[in-house]
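# Structural description and commentary
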Amino acid sequence: MSEIKQDVYKTIFETWRYQSDAYWQRSNYFLAVETAGLGGCWYILEHSHLRTGLAFSLIGLISAVAWLVTSVAFHRYVDYWWEAIKTAEAANSLKVSGLDFVSKHPGSRLHPSRWMYLVPVLFFFAWIVVLAFSLHCLRSGCKLTP
């Protein structure tokens with residue numbers, strides 16, 4: 001394998017690894033922010049700050065949508081670099097020596113990163129529940145604190 005092909009292969013692999021790690025790290029940050037946001041919003045609603053709770057639930061809803069959109073976009077980016085690794089393996093004739101690990105890898109066929117889309121969708125629905133509760137309390141004048 002020529003030095004330039006080897007450098008390209010290493011660069012593509014490192015790019016994929018960086019993007020993959022960033023994808024999961026970004027998902028963890030969103031998860032932490034959304035969880036804290038839901039807890040904080042519920043606390044605000046519990047103390048009868050209904051308009052503030054309504055505003056925060058709208059912000060949370062937008063944040064859940066942003067999480068889903070960025071998850072889809074970054075998943076596509078990670079897939080792009082995975083396919084680039086396969087192309088680089090073929091270009092470097094790594095199959096001949098049995099070193100085409102990415103090309104041979106069957107995957108889990110479960111697509112865990114796609115299942116991760118479910119998490120922001122669940123938060124989206126949780127925010128809708130909080131939003132609906134806020135609106136209900138604003139209309140009916142319900143009080144949550146004694």
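Computed from a predicted structure; not experimentally measured.

### What about the state of the cysteines?
- Applying the stated criterion to the full structure yields zero disulfides.
- Take Cys-41: it sits in no disulfide, and the sulfur closest to it among the cysteines is that of Cys-137, at 11 Å.
- In this structure Cys-41 comes out as buried when scored by relative accessible area, which is 1%.

### Quick notes on the pattern of salt bridges
- Tallying each qualifying case throughout the model produces two salt bridges.
- Of the charged contacts, one joins Glu-14 and Arg-17 as a salt bridge, the two residues approaching to 2.4 Å between their closest N and O atoms. Of this pair, Glu-14 and Arg-17 are both found in helix α1 (residues 3-46), three residues apart, which corresponds to roughly one turn of the helix.
- Among the ionic pairs, Lys-86 bridges to Glu-83, the shortest N-O distance being 3.5 Å. With a gap of three residues between them, Lys-86 and Glu-83 both fall in helix α2 (residues 50-91), about one helical turn apart.

### Quick notes on the packing of α1 against helix α5 (residues 118-140)
- Across the interface, α1 lies against α5 with an axial gap of 11 Å and an inter-helix angle of 10°. By the angle between their axes, α1 is roughly parallel relative to α5. Once α1 is placed against α5, the crossing between them reads as left-handed. Each of Leu-31, Glu-34, Thr-35, Gly-37, Leu-38, Cys-41, Trp-42 and Leu-45 in α1 lies in contact with α5, whose residues at this interface are Val-119, Phe-123, Ala-126, Trp-127, Val-130, Phe-133 and Ser-134.
- Per-class residue counts for the contact of α1 with α5 are 11 nonpolar, three polar and one charged.

### Overview of the side chain of His-75
- Relative to the elements of secondary structure, His-75 occurs in helix α2.
- Excluding its chain neighbours within four sequence positions, the residues that come into contact with His-75 are Tyr-23, Ser-113, Arg-114 and Tyr-117.

### Notes on the nonpolar core
- Core analysis: the biggest nonpolar cluster contains 14 residues, and Leu-38, Phe-123, Trp-127 and Val-130 have the highest contact counts within it.
- Among the secondary structure elements, those contributing two or more residues to this core are α1, α2 and α5.
- The contacts of Trp-127, once residues within four sequence positions are left out, are Glu-34, Gly-37, Leu-38, Cys-41, Phe-56, Ser-57, Gly-60, Leu-61 and Ala-64.
- Listed in part, the 12 residues of the second largest apolar core include Ile-12, Tyr-23, Val-78 and Ile-85.

### Observations regarding the packing of α2 against α5
- With their axes 8 Å apart at the nearest point, α2 and α5 run at an angle of 160° to one another. By the criterion of interaxial angle, the relationship of α2 to α5 is roughly antiparallel. The handedness of the crossing between α2 and α5 is left-handed.

Conventions adopted
Residues numbered from 1 in each chain as written. Predicted model: local features only at pLDDT ≥ 70, side-chain atom pairs only at ≥ 80, totals over all residues. Heavy atoms only, no water. Disulfide = S-S within 2.5 Å. Buried < 20%, exposed > 50% of the residue type's maximum accessible area, 1.4 Å probe, protein only. Salt bridge = Lys/Arg side-chain N within 4 Å of Asp/Glu carboxyl O. Helix = DSSP H or I, 4+ residues; strand = E, 2+ residues; numbered from the N terminus. Axes fitted to C-alpha atoms, helices over the stretch in contact; angles between N-to-C directions. Parallel < 35°, antiparallel > 145°, perpendicular 65-115°, else oblique. Left-handed = near helix turned anticlockwise from the far one by under 90°. Contact = heavy atoms within 4.5 Å. Nonpolar A, V, L, I, M, F, W, Y, C, P; charged D, E, K, R; others polar. Core = buried A, V, L, I, M, F, W, Y, C linked by side-chain atoms within 4.5 Å.

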